[in-house]
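Fold and geometry: a report
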Amino acid sequence: MTLRSLRTAAATAIALAILALTGCTREGGRIDMGPTGGTPVRGGTATMALPPAASPNWIFPIGPPGYGASYNYGIQTLLFLPVYDAVQDRAKGELTTHGPSTLGLKPRYSDGNKTVTVPLRKGVQWSDGTPVTARDLEFWFNLLKANKADWGNYSVGTMPDNVKRFETVDDHTVRLHLSRAYNPDWFSANQLTLMRALPQHAWDAKTDGGTLGDWDRTPTGAKAVFARLTQHAKRLGSYASDPLWKTVNGPWKLAGWRDSGQVTIVPNEKFTGPKSERPRLDKVVFKPFTTADSEYNVLRSGGVDYGYIPPSVMAQKEKFEDKGYRVDPWEGWAVTYIVYNFNSTHAGPMMSQLYIRRAMQHLVDQKAMSDVIWQGSATPTLGPVPVTPKSQYLSKDMEHNPYPFSVRTAKELLSAHGWKTVDGTARCMRPGTGADQCGKGIGRGDPLELTLLSQSGSTETTNTMQELKSSLSKAGIDLTVRQQPLNSVLGNSVPCKAKDPGCDWDMSFFGTAGSWYYPLNPSGEQLFSTGASANFGNYSDKKADRIIRAVQYSPDMKAVHAYGSYLSEQLPVMWMPNPAYQVSVIRNDLRGIEQNPTVTFAPQHWYYVKKKGAAK
């Protein structure tokens, strides 16, 4: 699994703009700088740059482990309407799971939240004229249940394990009978958004050229159908010509998919979904790049309509504005943090002391890091719930930093527990487990020396680590930073047992573009529950486990607020500034772009406009 695939589905919201979103006046005439407005021009081609080394490589909406990257999902949803997805209700300022771009209507919970009814939008057809029905959802569920170990989103106990029975109520309604009562918000946001409608009438064959039927309704048949579809999905170069992928129900259809990962889509003239989702452009090209430098060079030459620049060159944004672009950081529904290894052979006892973690958090100057290193394109991470974009999941008390930057407070915390700085390094002078002593496992004279594994290859990350090292040193904490390629950092930062080989790392950072991108509900079962797969630092707290379970099971929003508040204070990780997913550079005359933190895209809303003072 790649780091990008860790940061999958999230919540839709409006990205933070660093420029005014209203018009501005330039020499040669008025140029409207906003993402909307102007006189629309029908047609045209837009080229969007994909992130460095982000090459789309999977079209089948059931992705195996390692193929769940956000750009794969984003393109799939343009061809196959999602049943539920992240949508923002702007009138209420809240996040929801259904809207014009989804096949599913508002889900209905009953039987004490042990049953959920999923109604489908009527009148939607596949591109061959066949209606989209509940049978297409059943087809997906049957394939998933028989092949769950081969699904990248599978986690024991969740979908499909938590569905005791899948019921087809009528042609446009299905009902899920669950294994227990769940929090409807959590289940809709983090489980129903996994559902897909697949063209059963066109795909349900065990072999190429074989009879189409109801083979998916037996485990053996479902395995055979799934194997056939998976084999076709592995033939990247034939996607555009393969009849399987021509049966779509989304606003777009595939025109080209190169082995390099360049994808071209054109409007699906047979699209029967909402009129608001019908494309205005003639073509969209998603262009991959091997490095950020290669993309930057093409962008400067005008070869990309929608690209990105490194935050380090934000000071040069006027050059792009003068060329007819707007610069707009793309916020993510994410949190960024440094992992503490609570089982570290060397520093585990120190990491386990909350007062040490509190002292270290007081030494993270998030504002300075954002202003100087990220050129204002990062927002603070204050706990496990993202601060921006605003959501119903963030309580008022979570909007305030419980650990503001203060070298004095950090020093006082360490001194109060028996630490004294000697020759620039804090050392334990009062060992023991008393309230004013260093804590269990820390001996007399032990230095507060830590080693941090960090991603290499990023100027921003390198500068962030230098700033952190300098701040920690002011309280006598000696930090050694070891930079490695990202894959090496991930491979070396796995959950481990104390004193085992490979458990000698103290801290780890891999969050240059956000450490974790959430599903719509920012629950922490994957991150902070004892023994969770993404709990890289072995954090374990019984109260935290109980609170996290409450988020999954309790319909009261107070549960997620309690979870956010508790872990904000308990510091299972070191909270760091959360950078924008990317600093986007977009042609001024390309409108309708809403940069949502799911890091997906909706080019059916894009359009060009006439512009005074500049030629299109």
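Residues numbered from 1 in each chain as written. Predicted model: local features only at pLDDT ≥ 70, side-chain atom pairs only at ≥ 80, totals over all residues. Heavy atoms only, no water.

Side note on the sheet that holds strand E3 (residues 39-41)
- Strands sit in the order E3-E28-E27 across an open sheet of 3 strands; the sheet is antiparallel. Each edge of the open sheet is held by one strand with a lone partner, namely E3 and strand E27 (590-591).
- Examined bridge by bridge, E27 and strand E28 (residues 607-610) share 2 bridges and lie antiparallel to one another. Following the sheet pairing, leucine 590 is matched in E28 by tyrosine 608. (Pairing = 2+ DSSP bridges. Helix = DSSP H or I, 4+ residues; strand = E, 2+ residues; numbered from the N terminus.)

What to know about the confidence of the model for the protein
- Chain-level statistics for the protein give a pLDDT mean of 88 and a share of 92% at 70 or above.
- Confidence drops under pLDDT 50 across residues 1-33; counting only partners more than four residues distant or on other chains, this segment forms 103 contacts. (pLDDT = per-residue confidence, 0-100. Contact = heavy atoms within 4.5 Å.)

Quick look at helix H12 (residues 407-416)
- Within the sequence span of H12, burial applies to Val407, Ala410 and Leu414. On an axial view of H12, the arc spanned by its buried residues comes to 65°, and they lie on one face.
- Residues of H12 that are buried sit in contact with helix H10 (354-361) and strand E18 (419-422).
- Glycine 418 sits one or two residues past H12 and shows a positive phi near 90°. (Buried < 20%, exposed > 50% of the residue type's maximum accessible area, 1.4 Å probe, protein only. Arc of directions from axis to C-beta.)

Let's talk about the nonpolar core
- Core analysis: the biggest nonpolar cluster contains 79 residues, and Phe60, Leu143, Met159, Leu176, Phe286 and Trp606 have the highest contact counts within it.
- Looking at which element gives the most residues to this core, the answer is helix H3 (residues 134-146), with 8 residues.
- The residues touching phenylalanine 60, leaving out its near neighbours within four places in the chain, are Gln76, Leu143, Leu198, Trp203, Phe226, Leu229, Thr230, Ala233 and Trp245.
- Within the second largest apolar cluster, 74 residues are counted, among which are Tyr393, Ala410, Phe528 and Trp575. (Core = buried A, V, L, I, M, F, W, Y, C linked by side-chain atoms within 4.5 Å.)

A closer look at the state of the cysteines
- A complete count under the given rule lists 2 disulfides for this structure.
- Covalently, cysteine 428 is tied to cysteine 438 through a disulfide, its sulfur atoms 2.1 Å apart. Between cysteine 428 and cysteine 438 the sulfur-sulfur dihedral comes to about 110°; the bridge is accordingly right-handed. Here cysteine 438 lies in the loop between strand E19 (425-428) and strand E20 (449-455) and cysteine 428 lies in strand E19, a separation of 10 residues in the sequence. For the pair cysteine 428 and cysteine 438, one class covers both residues: buried. (Disulfide = S-S within 2.5 Å.)

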